Amino acid sequence: MTGTDTPPELGTGRAGTLPGRFEEHARATPEAVALRWAGTELRYGELDARADRLARHLAGRGLRPGRLAAVAFGRGVEVYVALLAVLKTGAAYLPLEPGAPDPLLRHVLTEAAPDLVVTEEAHRIRLTDAGARELVCVDPAGAAPAAHPAGPPPADLDPDGLADGLDLAEFDPDGLAVVLTTSGTTGPPRCAGLSHRNLLAALHGWRTVYGITPADRILSTASLEFDVFTADWVRALCSGATLVVAPRNLTLDRAADIADLPPLIAAERITLLELNTRTARRLTALLAPTAGGRPLAGDSPLAGVRVLTVGAEKWWLDEHLALQRLVGRPTRVINVYGLAEASVDSTWFEARGLDEVPGGAALSVVGLPFPGARVYVLDPDGTPLPDGAVGEIALAGPGLGPGYPGRPEETARRFVRSEHDPDGRVLLTGDLGRIAEGGTLEFVGRAAAVVGPTDAGPTDARVSAARVSAASAGTVSRAARAEARLRARPGIREAAVAEVEVAPGRRELVGYAVTVPGAPDTDGWSLTAALTAALPAGEAPAAVVPVPGLPRTRAGKLDRDALPLPAPGDRTAPGRSGGGKGYRGKVSRGKGGGGGARSGGVAEAEHFLGCGILFLWVPVAVVAWLLTNTLWPGSTNVSAVPAPYANLFRVLYLFEWASFGLGVVWLLFGAAVTARQRRPVGLSVAAHLAVFWLLASWWPQDNLYRTTRRSDWYAQSWLVFVFNIALMVSAAIVVRFLAWQPRARKQP
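Summary of the structure given here.

Conventions adopted
- Residues numbered from 1 in each chain as written.
- Predicted model: local features only at pLDDT ≥ 70, side-chain atom pairs only at ≥ 80, totals over all residues.
- Heavy atoms only, no water.
- Phe/Tyr/Trp six-rings, centres within 6.5 Å; stacked < 30°, edge-to-face > 60°.
- Helix = DSSP H or I, 4+ residues; strand = E, 2+ residues; numbered from the N terminus.
- Buried < 20%, exposed > 50% of the residue type's maximum accessible area, 1.4 Å probe, protein only.
- Pairing = 2+ DSSP bridges.
- Axes fitted to C-alpha atoms, helices over the stretch in contact; angles between N-to-C directions.
- Contact = heavy atoms within 4.5 Å.
- Polar contact = N/O pair within 3.5 Å; in protein donor to acceptor, adjacent residues only side chain to side chain.
- Salt bridge = Lys/Arg side-chain N within 4 Å of Asp/Glu carboxyl O.
- Core = buried A, V, L, I, M, F, W, Y, C linked by side-chain atoms within 4.5 Å.

Brief notes about the packing of aromatic side chains
Stage number 1. The final tally for this structure, using the stated rule, is 11 aromatic pairs.
Stage number 2. Relative to Trp233, the ring of Tyr93 has its centre 6.5 Å away and its plane inclined at 50°; by these criteria the two rings are tilted. Separated by 140 residues along the polypeptide, Tyr93 in strand 4 (residues 92-95) and Trp233 in helix 7 (residues 227-237) bring together distant segments of the chain.
Stage number 3. In this structure Tyr93 comes out as buried when scored by relative accessible area, which is 1%.
Stage number 4. With a centroid separation of 4.7 Å and 55° between ring planes, the pair formed by Phe660 and Trp699 is classed as tilted. Here the residue Phe660 occupies a position in helix 16 (residues 645-669), and Trp699 occupies one in helix 19 (residues 698-707), the gap between them amounting to 39 residues.
Stage number 5. By way of ring pairs, the aromatic residues Trp632, Phe660 and Trp699 are connected into one cluster.

Next comes the structure, spelled out in structure tokens:
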């Protein structure tokens, strides 16, 4: 599939850059409102002048073309002044959320290694602790950029800023403009670069499809760490429109009330906004009286909104149509698809003229490429597939970024050569899709969300390790069909299907359903039975787990690693007797913090461990007691110890025998439980043996110490090395086992 339009000439030199495009509007309409936040307005001329002054200050601190500055601010207008200032120096900016968890801050600062961090004094200590090397605080409590003269920074600005009145040297439109941090859905968070030309190509597509004009008022609800934040300000400030910053972030701020969104849209006269899929679902539930929401006054609850786009996660066509009906025909509701590495958005689909899902099919339609973008569906060897066949989605065109700065191997793994594209280069998304009749792209699923991220491997000129295998593609397709059936069941609010390790070495598809409280037949067993009956043999998930809510990442996407496990498979259905193999809906605490249950394999392992404790622990402890005086005569003789201290020693001996018995039980039956924690095999084996040693070694150790002469230094030395140091090493192994995190989960 290819786009139907090629972007026009995007300009050369400064005119072909983001700050150059913004400055055109600032010069043409300096009194037009550029930013609004909490009742505060900043006009284009004011914003341009403030950004110029800060740019001079940053240039004096050494910021130059080819360098990178992190921009870390809270919500408000200052963040836009800072990022424009960075761009005006010719450098690139890295959006950095100062309130992000410490591990994420450290990861991003280490990965991107910015030359300096532009921030506020309030964030200085936290960012310094996270690894920021050089900070520039620009609020009144920090530096004072207002002292610098107006106008863009000069080309050869010395540290004192003496060379006034000279324009900055020619910008390179192909130079880096921004380094975005991906959400980590398909692996560890990556820092992906985009050039000025990439984003201006995307702007051309947005303006063509959305019809953006200077009269638009664009609402930004995202935090600056997400790619849509950059998309919002580029759409607005490079088009002469007004960017309205929402007072709260609807993705990260869990306390933000979705009911505040329609009044905000009305009060600020918003004409265009983008929501993530989770927020769109919350808005739909609010607007639909039958879903428990309350109808809002007026003919349209979002009167005045021309374009409402939804993206970031799979959005089903029936959900798309439902929201379109609720907001009314004057609002264009558009489903968008893309990745940060390809300038955020690559395809779009509008449901106008469509009143119901064709044939009742369960679809997620993401439509046609934006002007200039190109989209392919490939088989595992990189060959485009015929229409209707499921394969990996690949993106191409002028919006395709240069890759991951400082990571050539990862760039080569995801950005691969292709003889089928005019540019000879495509981005492998890790997503599955098909091209339907009419050339529209249907989104099937994200491989990493179903089967987990694939490990990086060696690459060659033709086949990349990043490609989704045929087996994974089949699993994702099965999961999509099962998910469609599950979410269509009465009483189901939301659903997901993913492949999980239900027992060591055994992976199966498991469904997760967010149910309406009190709805009939929404227990796990009933849902599992219904899917088994509705789907062809071998297609149904092994179990369905009802959950109060699907676990989410910071970006609002499904957190696959936090999904709970299904209950044991040897339980009978509710209210039945006999040996059914169904799964029960009752769940225990899962690792994601919500309701979850253990897999059959793990439950069996825990069952054997429990049986071992009940039936083997005491006999082994008794054997240890009986053998003590045989192996170490007199080691437990306390006749010379005065009362009541003698009894304390006797209690010690009881604990040693009991601990030895428990250690033997753990050695025999605890391996499966250890393996289920999903640590590397070597670490799991070491931890299993370490726990055994920590439990079982006290009995022989103490008895050997008590029966060894104090002057027998040979024996004493060996006891120290065999027991004491081994105990320390064992404790260290257990600590490492507990603290270990998989590479793909570096951020919370």
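Some words on the sheet that holds strand 23 (residues 543-547)
Stage number 1. Reading across the sheet, the three strands line up as 21-22-23 and stay open at both edges, with mixed pairing between neighbours. Taken across any chain shown, the strands that pair with only one partner, and hence form the sheet edges, are strand 21 (492-503) and strand 23. Strand-to-strand twist in this sheet, taken as the mean axis angle between neighbours without regard to direction, amounts to 30°.
Stage number 2. Contacts from helix 13 (residues 470-487) reach strand 21, strand 22 (506-515) and strand 23 within the one sheet, and its direction differs from that of strand 21 by about 140°.
Stage number 3. Sheet contacts for helix 14 (residues 524-534): strand 21, strand 22 and strand 23; angle to strand 23, the most-contacted strand, approximately 140°.

Section: the side chain of Glu111
Stage number 1. Looking at where Glu111 falls in the secondary structure, it is placed in helix 4 (residues 102-112).
Stage number 2. When its relative accessible area of 16% is taken as the criterion, Glu111 is described as buried.
Stage number 3. A polar contact is formed between the side chain of Glu111 and the side chain of Arg407, at a distance of 2.3 Å.

Describing helix 10 (residues 317-327)
Stage number 1. Residues Leu317, Glu319, His320, Leu321, Leu323, Gln324 and Val327 constitute the buried set of helix 10.
Stage number 2. Against the buried residues of helix 10 lie helix 9 (277-287), strand 12 (307-311), strand 13 (332-337), strand 14 (347-350), strand 15 (365-369) and helix 13.
Stage number 3. Once helix 10 ends, the next one or two residues include Gly328, with phi positive near 95°.

Some remarks on the pattern of salt bridges
Stage number 1. On inspection of all chains with the given rule, the structure shows 38 salt bridges.
Stage number 2. Among the ionic pairs, Arg217 bridges to Glu268, the shortest N-O distance being 3.4 Å. Of this pair, Arg217 sits in strand 9 (residues 217-220) while Glu268 sits in the loop between helix 8 (261-267) and strand 11 (272-276), and the two are 51 residues apart along the sequence. For the residue pair Arg217 and Glu268, the accessibility class agrees, reading buried in each case.
Stage number 3. Residues Glu656 and Arg706 are paired through a salt bridge, measuring 3.5 Å at the closest nitrogen-oxygen approach. Pair noted here: Glu656 is in helix 16 and Arg706 is in helix 19, with a separation of 50 residues, a long-range link.
Stage number 4. A relative accessible area of 3% means that Glu656 is categorised as buried.
Stage number 5. Looking at Arg706, the relative accessible area reads 32%, which means it is partly exposed.
Stage number 6. Within the structure, one salt-bridge network assembled from shared partners comprises Arg281, Glu313, Asp318, Glu319, Arg487, Glu494 and Arg552.

So, the nonpolar core
Stage number 1. Ranked by size, the top nonpolar core spans 69 residues in total, and within it Trp206, Tyr210, Trp233 and Leu237 carry the most contacts.
Stage number 2. With nine residues, the single largest contributor to this core is helix 3 (residues 78-88).
Stage number 3. Setting aside chain neighbours within four positions, we find Trp206 in contact with Gly211, Ile212, Ala231, Val234, Arg235, Ser343, Val344, Asp345 and Phe370.
Stage number 4. Ranked by size, the runner-up nonpolar core spans 25 residues in total, among them Leu250, Ala259, Leu287 and Leu302.

A short note on the environment of Ala285
Stage number 1. Considering the arrangement of structural elements, one finds Ala285 in helix 9.
Stage number 2. Overall, Ala285 belongs to the partly exposed group, its relative accessible area being 31%.
Stage number 3. On a C-alpha basis, the gap between Ala285 and Ile258 in space is 9.6 Å, while along the polypeptide they are 27 residues apart.

A word on the pairing of strand 14
Stage number 1. Two elements, strand 13 and strand 14, share four bridges in a ladder whose sense is antiparallel. Within strand 14, the residue paired with Tyr337 across the bridge is Thr347.

Worth remembering: the numbers are spatial, not functional.
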